[in-house]
Amino acid sequence: MPHIPLPEGLPGITGLLEYRLDTAKPIREMTQVLLRGPSTLTQGERELIATYVSHRNECRFCATAHTAAADLLLGEGETSRAVKENLDEAPVSEKMRALLTIAGKVQQSGLSVTEDDIAAARRQGATDLEIHDTVLIAALFCLYNRYVDGMAAWTPDEPAFYERLADRIVNRGYTRPPEGFANHTYTSTVS
Amino acid sequence: MAHVPVPEGMPGIRGLMAYRPETALPLNQLAEVLLQGPSTLTKGERELIATYVSSLNRCTYCASTHGAIAKHHLNDADVVRQVREDPETAPISPKLKALLRIAAKVQQGGRRVTDEDVAAAHAEGATDLEVHDTVLIAAAFCMFNRYVDGLATWAPDDESIYDQIGAQRATQGYLAPAKPLA
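Residues numbered from 1 in each chain as written. Chains lettered and ligands numbered in written order. Predicted model: local features only at pLDDT ≥ 70, side-chain atom pairs only at ≥ 80, totals over all residues. Heavy atoms only, no water.

The next thing to look at is the interface of chain A and chain B. Counting residues at the interface gives 43 residues for chain A and 45 residues for chain B. Between chain A and chain B, a total of about 3700 Å² is buried, with carbon and sulfur atoms accounting for 67% of that surface. On the chain A side of the interface with chain B, the three residues burying the most area are His3, His132 and Arg146 of chain A, jointly 18% of the side's total. Here chain A and chain B share three salt bridges between them. With a closest N to O distance of 3.5 Å, Arg111 of chain B and Glu58 of chain A form a salt bridge. Applying the counting criterion to the chain A and chain B interface returns 13 residue pairs in polar contact (both at pLDDT 80 or more). If you list the elements that add at least two residues to the side of chain A that touches chain B, you get helix H1 (12-19), helix H2 (21-36), helix H6 (94-108), helix H7 (115-123) and helix H8 (128-150) of chain A. (Contact = heavy atoms within 4.5 Å. Buried area = accessible area lost by both parts, 1.4 Å probe. Salt bridge = Lys/Arg side-chain N within 4 Å of Asp/Glu carboxyl O. Polar contact = N/O pair within 3.5 Å; in protein donor to acceptor, adjacent residues only side chain to side chain. Helix = DSSP H or I, 4+ residues; strand = E, 2+ residues; numbered from the N terminus.)

Written out as structure tokens, the structure is:
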């Protein structure tokens, strides 16, 4: 049960973002810029960074949600699974492997990122902006993961919930629907 | 040297915000609403949470900057130093101590926060919104700290630089353009 009363029927981050709309707004907008804005990284690649960091932070809600988003964008589920299981063997480009390595360091601490990590990403063709955005996406998910788990937000078990959520964040993005979430409430179907 | 090209002479997150204004805007808006907006926690108390989490993350730039802002709000350098060293023995309210315990758990990982931690804060009079804001401030500084150090930005040694930034942010908030450093 969440540590404080949150809006009914809105699991995970959604209930928290609806609890305090004025803090939610900049968080949503930053996510939209970083994960959906113009970038030389694909949306699928950026969702993989979110997935990898959330997985390493053991945030089940965020890891499951962004895995579902990455899978929908990439059209397959093997890449996200392999990235979480063993990055060294995952079927991603060498540039993405180097950027995900940086993201993994950021997950531990900003101070863990080394000159060698950055040089390795550059050798694989990563640009300054790609390096910047990788660090900031990883840092942003260190916020999200702590927010969701620090408030003990509701984490549904049913895969169908995350598929619907992925459909929304892939096809509508991260900004708040103008009509709010009254039509998006979710009731667990598991007794 | 920072890992991305930031304008010369701009320390910490200032340089990063100049490098990528599209993300700087929501970052500053988040800091403004959390640290400067209406709240039953004072600005000084909220900056102490930011300072303490930044200290735990060993982020010199953020801990020094928010320490300077807290010092400005509280007009007390000692309490800032004591909170950075050990909140349990610092001259602060039992409620703020309970909230700082929650912030320290968030710094380690969200899953560390227990029902007992939250009940202890409630028992000292913390409201639901104060608990929420404490968790979100702590989580936000786990982002800011990683952003600043993950890109190896410049953290000046000169305390007077932090005092300048602290005075400006404490009086003008986070949305005012960064004043050039003297």
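Next comes the rest of the account.
Let us now look at the pattern of salt bridges. For the structure on display, the rule yields 23 salt bridges over all chains. The partner of Arg20 of chain A in a salt bridge is Asp133 of chain B, with the nearest N and O atoms 2.8 Å apart. Highlighted residues: Arg20 of chain A in the loop between H1 and H2 and Asp133 of chain B in helix H8 (residues 128-150), drawn from two different chains. Note on accessibility: Arg20 of chain A and Asp133 of chain B belong to one class, buried. A salt bridge links Lys71 of chain B to Asp163 of chain B, with the nearest nitrogen and oxygen atoms 2.9 Å apart. Highlighted residues: Lys71 of chain B in helix H4 (residues 60-74) and Asp163 of chain B in helix H9 (residues 159-172), separated in sequence by 92 residues. A relative accessible area of 23% means that Lys71 of chain B is categorised as partly exposed. (Buried < 20%, exposed > 50% of the residue type's maximum accessible area, 1.4 Å probe, protein only.)

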